[in-house]
Amino acid sequence: QVQVVESGGGLVQAGGSLSLSCAASGRTLYAMGWFRQAPGKEREFVAAISRNPSTTYYADSVKGRFAISRDPARNTVYLRMNSLKPEDTAVYYCAADQFLSSITTDSRPGYWGQGTQVTVSS
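Residues numbered from 1 in each chain as written. Predicted model: local features only at pLDDT ≥ 70, side-chain atom pairs only at ≥ 80, totals over all residues. Heavy atoms only, no water.

Participant: Account for the nonpolar core, naming residues and giving values.
Facilitator: Judged by nonpolar contacts, the single largest core of 35 residues is most densely connected at Trp 34, Leu 79, Met 81 and Tyr 92. Contributing elements (two or more residues each) for this core: strand 3 (18–24), strand 4 (31–37), strand 5 (44–49), strand 7 (66–71), strand 8 (76–81), strand 9 (90–97), helix 1 (100–104) and strand 11 (116–121). In contact with Met 81, other than residues within four places in its own chain, are Gly 16, Ser 17, Leu 18, Leu 20, Arg 65, Phe 66, Tyr 92 and Val 118. (Core = buried A, V, L, I, M, F, W, Y, C linked by side-chain atoms within 4.5 Å. Buried < 20%, exposed > 50% of the residue type's maximum accessible area, 1.4 Å probe, protein only. Helix = DSSP H or I, 4+ residues; strand = E, 2+ residues; numbered from the N terminus. Contact = heavy atoms within 4.5 Å.)

Participant: Now, about the pattern of salt bridges: what can you tell me, with residues and values included?
Facilitator: In the structure shown here, the tally under the stated rule is four salt bridges. Here Arg 36 makes a salt bridge to Asp 88, at a shortest N to O gap of 2.9 Å. Taken together, the residues Arg 36 in strand 4 and Asp 88 in the loop between strand 8 and strand 9 connect sequence positions 52 residues apart. Asp 88 matches Arg 36 in its accessibility class, with the two residues each being buried. Put simply, Asp 60 and Lys 63 hold a salt bridge, and the shortest N to O gap is 3.3 Å. Among the charged side chains, a salt-bridge network with shared partners connects Arg 36, Glu 44, Arg 65 and Asp 88. (Salt bridge = Lys/Arg side-chain N within 4 Å of Asp/Glu carboxyl O.)

Participant: Please provide a residue-by-residue account of the packing of aromatic side chains, values included.
Facilitator: Applying the stated criterion across every chain yields a total of four aromatic pairs. When the ring of Phe 35 is compared with that of Phe 45, the centres are 5.8 Å apart and the planes differ by 75°; the resulting orientation is edge-to-face. Taken together, the residues Phe 35 in strand 4 and Phe 45 in strand 5 connect sequence positions 10 residues apart. Taken together, the aromatic side chains of Phe 35, Phe 45, Tyr 93 and Trp 112 make up a single cluster linked through ring pairs. Cation over ring: Arg 43 sits above Tyr 93, and NZ or CZ is 4.0 Å from the ring centre. Geometry around Trp 112 places Arg 43 over its ring, the cationic atom sitting 4.3 Å from the centre. (Phe/Tyr/Trp six-rings, centres within 6.5 Å; stacked < 30°, edge-to-face > 60°. Lys NZ or Arg CZ within 6 Å of the ring centre and 35° of its normal.)

Participant: Requested: an account of the state of the cysteines, with residues and values cited.
Facilitator: The bond known as a disulfide is covalent and runs between the sulfur atoms of two cysteines. Summed over all chains, the structure comprises one disulfide. The disulfide partner of Cys 22 is Cys 94, and the S-S distance across this bridge is 2.0 Å. In this structure the cystine formed by Cys 22 and Cys 94 twists about its S-S bond by roughly -85°; its chirality is therefore left-handed. With a gap of 72 residues between them, Cys 22 in strand 3 and Cys 94 in strand 9 connect regions that are remote in the sequence. (Disulfide = S-S within 2.5 Å.)

Right, here's the structure in full:
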């Protein structure tokens, strides 16, 4: 069973920055990504990165503000969040899957983390 563990959430003021990290167990390299779920809303896609880190995808709401990156030899992914807004407040979930499309298109990755809270105060 693949374990996915996030870290790095917290409280930040609007306009500030925060970084999230995530590690997935196993020797197989996975495509990885981030989702988020705000109170009362459905979980939504945020960003994803391919196994070789040459391809990245972003939700329109975070383009130009968030940056996803990864260790090319490990299942470790990072999300740098800049210019944060109160509407970015959510539980952020890391995800991993053999196929990038499972994350970007289907929003049904095989493996999920437990989530980490990000709160942006106004």
